[in-house]
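Each chain is listed here by its residues.
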Amino acid sequence: MDAPLHDWNLAPKEAVALQKVLAKRLETTDRIGSVHHIAGIDIGFEADGEITRAAIVVLKWQPDTPQHLTMVEQVVHREPTRMPYIPGLLSFREIPAALEAFAKLAITPELVMVDGQGIAHPRRLGVAAHLGLWLNLPTIGIAKSRLTGQHEEVGNTQGDWVPLTSGNEVIGAVLRSRKNVKPVFVSPGHRLSLETSLDWVVRCLGRTKLPEPTRLADRLASRRDQKRLT
């Protein structure tokens, strides 16, 4: 990670203004090299929101093997929550813990999948996009629900998708990641196009609706015996 992107001690109006500035710095065309490791991250809260928890798994990408993905590292970091919940400003609440978790990793991934939104955000700076700027890494947002935008009905075959739009702008995709299961919402974060983001999500699908990196991060985050991982 390079020099700090910005200070976290911001009033809500300052944070909104900063989002608009940072969104202009996002790269939504592909700037990604060879991928050997993919990180999945899940950020949540404990103790009635007083504690922020970031769980990261790093998987080795091996496309020529039957399993494709092998777990090689995992980290959980907890710290006091810095900002109350404010709609549209979730990344300011979540990312400080995520950055501390990434700092603990021994392996630097070439691609990061985030449980949350990328540019599919009212000001085009969801947690995956914001985190991508901090890390200067390609990031993808994979969310379980829609935050903003409109879309048509998506087909029921695995891999079917329709654009998620805001006015005339395509801000993501609604992807049927598993037949007969509710779709996921995929949007680029940083240094990736929508097409490449979708391609990587589909490549990393296993037996559930979520791609393996974020599924395993979610599973790690939900464990109760995590003291040895913090």
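Scoring rules and cut-offs
- Sequence order sets the numbering: in each chain, residues are counted from 1 along the sequence as written.
- Only residues with pLDDT of at least 70 get local features here, since the model is predicted, and only at 80 or more are side-chain atom pairs given and counted; chain-wide, interface and lining totals rely on the full set of residues.
- Excluding hydrogens and water, the side-chain figures rest on all heavy atoms present in the structure.
- UniProt positions are given in the numbering used here, feature names are shortened, and annotations may be inferred rather than shown by experiment.
- Here a strand is any run of E in DSSP of at least two residues, a helix any run of H or I of at least four, and the numbering for each starts at the N terminus.
- Remark: exposure states derive from per-residue accessible area (1.4 Å probe, protein chains only) relative to the maximum for the residue type, with buried under 20%, exposed over 50%, and partly exposed in between.
- The criterion used for residue contact is that any of the two residues' heavy atoms lie within 4.5 Å.
- With a 1 Å grid spanning the protein atoms alone, the term cavity applies to any set of points in which a 1.4 Å probe fits but cannot get out, the term pocket to an open set with protein on both sides within 12 Å along at least five of seven lines, and the term lining residue to any residue with an atom within 4 Å of a point.
- Grid points are joined across faces, edges and corners, and a volume is the space filled by probe spheres set on the points.
- Here the nonpolar group is Ala, Val, Leu, Ile, Met, Phe, Trp, Tyr, Cys and Pro; Asp, Glu, Lys and Arg are the charged ones; every other residue, Gly included, is treated as polar.
- At least two DSSP bridges between two strands are needed for those strands to be called paired.
- Only C-alpha atoms enter the line fits that serve as axes; for helices the fit covers just the stretch in contact. Angles between N-to-C directions range over 0 to 180 degrees.
- Orientation is classified from the angle alone, with under 35 degrees giving roughly parallel, over 145 giving roughly antiparallel, 65 to 115 giving roughly perpendicular, and any other angle giving oblique.
- Note on convention: near helix rotated counterclockwise from far helix by under a right angle means a left-handed crossing. Clockwise means right-handed.
- Think of it this way: a Phe, Tyr or Trp ring, Trp meaning its six-membered ring, pairs with another when their centres are within 6.5 Å, and the plane angle makes it stacked under 30 degrees, edge-to-face over 60, tilted otherwise.
- We call a charge positioned above a ring when the Lys NZ or Arg CZ atom is no farther than 6 Å from the ring centre and deviates by at most 35 degrees from the ring normal.

**Q** How do you make sense of the UniProt feature "site: Interaction with target DNA" (unreviewed entry) in the protein when you look at a structure like this?
**A** Mapped onto this numbering, the UniProt entry annotates "site: Interaction with target DNA" (unreviewed entry) at Tyr85. Tracing the backbone through its elements, the reader meets tyrosine 85 in the loop between strand 3 (68-80) and helix 2 (90-103). Tyrosine 85 sits in the exposed class, given a relative accessible area of 55%. Apart from residues no more than four positions distant in its own chain, tyrosine 85 is found in contact with Leu90 and Arg93.

**Q** Before we go on, may I ask you to explain the layout of surface pockets in this structure?
**A** The space that makes up the largest pocket amounts to roughly 410 Å³. Forming the boundary of the largest pocket are 19 residues, of which Leu90, Glu94, Gly116, Gln117 and Leu147 lie nearest the centre. Among the elements that make up the lining of the largest pocket, the one with the highest residue count is helix 2 (three residues). Taken together, the residues of the lining of the largest pocket sort by class into nine nonpolar, seven polar and three charged. Put simply, the second largest pocket is a space of about 230 Å³.

**Q** How should the sheet that holds strand 3 be read in this particular structure?
**A** The strands that make up a sheet are held in pairs by hydrogen bonds between backbone atoms, and each pair lies either parallel or antiparallel. Spatially, the eight strands line up as an open sheet ordered 3-2-1-4-5-8-7-6, and their pairing is mixed. The sheet terminates laterally at strand 3 and strand 6 (161-166), the two strands that pair on one side only. Adjacent strand axes in the sheet meet at a mean angle of 25° when their direction is disregarded. In this sheet, strand 7 (residues 169-175) lies alongside strand 6 in antiparallel orientation, the contact comprising six bridges. Across the sheet, the residue bridging to proline 163 is alanine 173, located in strand 7.

**Q** How should I be thinking about the side chain of aspartate 42 in this particular structure?
**A** Along the chain, the position of aspartate 42 falls in strand 1 (residues 37-46). Excluding anything up to four places from it in sequence, aspartate 42 contacts Arg53, Ala54, Ala55, Asp115, Ala217, Asp218 and Ala221.

**Q** Please clarify how helix 3 (residues 127-135) should be interpreted in this entry.
**A** Think of an α-helix as 3.6 residues a turn; residues three or four steps apart then line up on the same face. With nine of nine residues buried, helix 3 is to be regarded as a mostly interior element. Here the buried face of helix 3 lies against helix 1 (12-23), strand 1, helix 2, strand 4 (111-115), strand 5 (139-143) and strand 8 (184-190). Asparagine 136 sits one or two residues past helix 3 and shows a positive phi near 55°.

**Q** Would you mind going over the packing of helix 2 against helix 3 with me for this structure?
**A** Helix 3 packs onto helix 2 with a crossing angle of 45° between their chain directions and a minimal axis gap of 10 Å. In terms of orientation, helix 2 lies oblique with respect to helix 3. Crossing handedness for the pair helix 2 and helix 3: right-handed. In this structure, helix 2 uses Ser91, Phe92, Glu94, Ile95, Ala98, Leu99 and Phe102 to contact helix 3, whose residues at the interface are Val127, His130, Leu131, Trp134 and Leu135. Residues belonging to the contact of helix 2 with helix 3 are distributed by class as follows: nine nonpolar, two polar and one charged.

**Q** Mind showing me how you'd approach the pairing of strand 7 here?
**A** The side chains of a regular strand alternate between the sheet's two faces. The buried fraction of strand 7 amounts to five of the seven residues, a majority that puts the element mostly inside the structure. Linking strand 6 back to strand 7 in an antiparallel pair, the connection comprises two residues, with glycine 167 at a positive phi of about 65°. With three bridges connecting them, strand 7 and strand 8 associate as antiparallel partners. Along strand 8, the bridge assignment pairs valine 174 with phenylalanine 185.

**Q** Could you clarify how one ought to interpret unusual backbone geometry in this entry?
**A** Across the chain, the bulk of peptide bonds are trans and the bulk of non-glycine residues have phi less than zero. The backbone phi angle of alanine 47 is positive, close to 55°, even though this residue is not glycine. Its location among the elements puts alanine 47 in the loop between strand 1 and strand 2 (51-62). Its identity is not glycine, yet arginine 191 carries a phi of approximately 65°, on the positive side. Tracing the backbone through its elements, the reader meets arginine 191 in the loop between strand 8 and helix 4 (194-203).

**Q** Looking at this structure, I do not really get the packing of aromatic side chains. What am I missing?
**A** Aromatic ring pairs are reported here in terms of the distance separating the ring centres and the angle at which the planes meet. Within this structure, the stated rule accounts for three aromatic pairs. For the ring pair tryptophan 8 and tryptophan 134, a centre distance of 5.3 Å and an interplane angle of 10° mean the geometry is stacked. Here tryptophan 8, found in the segment before helix 1, pairs with tryptophan 134, found in helix 3; they are 126 residues apart in sequence, far enough to count as distant. Note on tryptophan 8: relative accessible area 16%, which makes it buried. Residue tryptophan 134 is classed as buried on the basis of its relative accessible area, which comes to 6%. Plain terms: the ring middles of tryptophan 61 and tryptophan 200 are 5.2 Å apart, the flat faces sit at 70° to each other, and that makes the pair edge-to-face. Here the residue tryptophan 61 occupies a position in strand 2, and tryptophan 200 occupies one in helix 4, the gap between them amounting to 139 residues. Tryptophan 200 shares its class with tryptophan 61; the two are buried. Pairwise contacts between aromatic rings join Trp8, Phe92 and Trp134 into one cluster. Taking NZ or CZ as reference, arginine 93 lies 4.1 Å from the ring centre of phenylalanine 45, over its face. Here arginine 203 stacks its cationic end above the ring of tryptophan 200, 4.0 Å away from the centre of that ring.

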